[in-house]
Amino acid sequence: MAATTTAAPSTAAFWAQAEEHLVRYGGEFTREIIDRAAGSFVFTADGRKILDFTSGQMSAILGHSHPRIVATVQQQVARLDHLYSGMLSRPVVDLARRLAGTLPAPLTKTLLLTTGAESNEAALRMAKLVTGRHEVVSFARSWHGMTQAAASATYSAGRKGYGPAAPGNFAIPVPNAYRPDITTADGTLDWRRQLDLAFDLIDAQSTGSLAACLVEPILSSGGIIEPPAGYFAALQAKCRERGMLLILDEAQTGLCRTGTWYAFERDGVVPDILTLSKTLGAGLPLAAVVTSADIEQEAHERGFLFFTTHVADPLVAAVGNTVLDVLAEDRLDERARRLGEFLRAGLTDLAARHPVVGDIRGRGLLAGLELVVDRETKQTSDALGAQVTRRCLELGLHMNIVQLPGMGGVFRIAPPLTATQDELELGLTILDQALGETCTPH
């Protein structure tokens, strides 16, 4: 029987149909029917206006339905949308060339794909082929995607119940300054000793086949944890000693969100392979793997294969070019730095008035706010985070909270880079009210 469409169902019918026909893929759905979105806001079917402090899925860095993106999609879809995967178009080559222009040497060769998981899958496949090895090291609170190799390198969630992960995957501890595990005499995180011990354990477990280290410059699903300055240079040295490739996953941190074009710029390192997604398509499915000519040549000579349905698609490549245009022309790296300082000051003010705010961290317009029941003990409460999140939504602010064992609930705050200062102020005001109404001071 042919599928049919009908008039929009009532709210009750909508949720009944959702329950009957949709596979649940990650907890419960937000109980709002989203009808449209524009700029920093999403609008529900019943007319509510909700400030989006997550940029969709941390992706819509230019806000929703940016006029330049809308125009690009309309023009490109009418001209050239999709091709046989072995064919090339100008938008694809232009985007690869222009990405190289935003990156330090020797990152000059690009593979265009769709999602973050797919880009990490391709990067790991390339690293394994080039090194002739298979073992992969990642942070213990990482999130790199839900496909096989990416999921095997993901430790923050989703590991139980699916059978064996890919062999040779190892986790190293996260250098979390707020909750240090190995400390100096004054109680602060001793990340150098932590890193040394981590690789002592990796070496003990390795079969001598270490291929790559895949990490995020700022762990997002891990709770907006930014390793201290110097950490990534030391990590890269560990990789070099073992003949491993360093892969940096900048799905959320890349393309101006942290106040620089790429988060790794702070640390003076250049990865062997860089993966981009989310922000590159500004909400559309576009991802990239960027590497050196030498690594690409070695992979090609060894028969690198990553032939997928939507590799090098022209439609989203055209969108990526427009994203680069807007980022550069509107100087959104500078804007993210400036507005990030404003956001940080506002969050610091909230912390001064709400004892449940345990820590504030992040960079640029990627901020984290950790909730605790007690600041002295840093005791956590899953219920507390859920209550504040729910109240924010009722008041017109969409927030995302991650809750992991041993950590408090951490709000991931990632508004569009195009958000205004007034919109950030509105979000801070709503969060202030939600904290005040929900949390009892201790």
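Above: the structure in question.
Residues numbered from 1 in each chain as written. Predicted model: local features only at pLDDT ≥ 70, side-chain atom pairs only at ≥ 80, totals over all residues. Heavy atoms only, no water.

**Q** Before we go on, may I ask you to explain the sheet that holds strand 7 (residues 210-215) in this structure?
**A** Strand pairing in a sheet relies on backbone hydrogen bonds. The paired strands run either parallel or antiparallel. Read from one edge to the other, the open sheet built from seven strands follows the order 4-10-9-8-7-5-6, with strand pairing classed as mixed. The open sheet has two free edges, formed respectively by strand 4 (107-113) and strand 6 (169-172), since each of these has just one partner strand. On average, each strand axis in the sheet is inclined to that of its neighbour by 20°, with strand direction left out of account. In this structure, strand 4 lies alongside strand 10 (residues 287-292), joined through six bridges in antiparallel fashion. Looking at strand 10, one finds that T110 is bridged to V290. Most of the contacts of helix 4 (residues 90-102) go to strand 4, to which it runs at about 140°, and overall it touches strand 4, strand 9 (273-276) and strand 10. (Pairing = 2+ DSSP bridges. Helix = DSSP H or I, 4+ residues; strand = E, 2+ residues; numbered from the N terminus. Axes fitted to C-alpha atoms, helices over the stretch in contact; angles between N-to-C directions. Contact = heavy atoms within 4.5 Å.)

**Q** I would appreciate a short explanation of the packing of aromatic side chains in the present structure.
**A** When we look at a pair of aromatic rings, we describe it by the centre distance and by the angle of the planes. As enumerated under the stated definition, the model contains eight aromatic pairs in all. Between F14 and W15 the ring centres are 5.0 Å apart and the planes differ by 90°, which places this aromatic pair in the edge-to-face class. Residue W15 is classed as buried on the basis of its relative accessible area of 12%. Pairing F139 with Y231 gives two aromatic rings, centres 5.9 Å apart and planes at 40°, and the pair type is tilted. Of the two residues, F139 is situated in strand 5 (residues 135-139) and Y231 in helix 8 (residues 231-242); the sequence distance between them amounts to 92 residues. Like Y231, F139 is buried. By way of ring pairs, the aromatic residues F139, W191, Y231 and F232 are connected into one cluster. The lysine or arginine in question, K49, covers the ring of F41, its NZ or CZ lying 4.3 Å from the ring centre. Directly above the ring of Y178 sits K378, whose terminal nitrogen or CZ lies 4.3 Å from the centroid. (Phe/Tyr/Trp six-rings, centres within 6.5 Å; stacked < 30°, edge-to-face > 60°. Buried < 20%, exposed > 50% of the residue type's maximum accessible area, 1.4 Å probe, protein only. Lys NZ or Arg CZ within 6 Å of the ring centre and 35° of its normal.)

**Q** What am I meant to see in the sheet that holds strand 11 (residues 357-363) here?
**A** Spatially, the four strands line up as an open sheet ordered 11-12-15-14, and their pairing is antiparallel. One side of each edge strand has no neighbouring strand; the edge strands of this open sheet are strand 11 and strand 14 (400-402). Across this sheet, the average inter-strand angle for adjacent strands is 25°, counted without regard to direction. Where strand 12 (residues 366-371) lies against strand 15 (residues 410-413), four bridges are found, and the strand directions are antiparallel.

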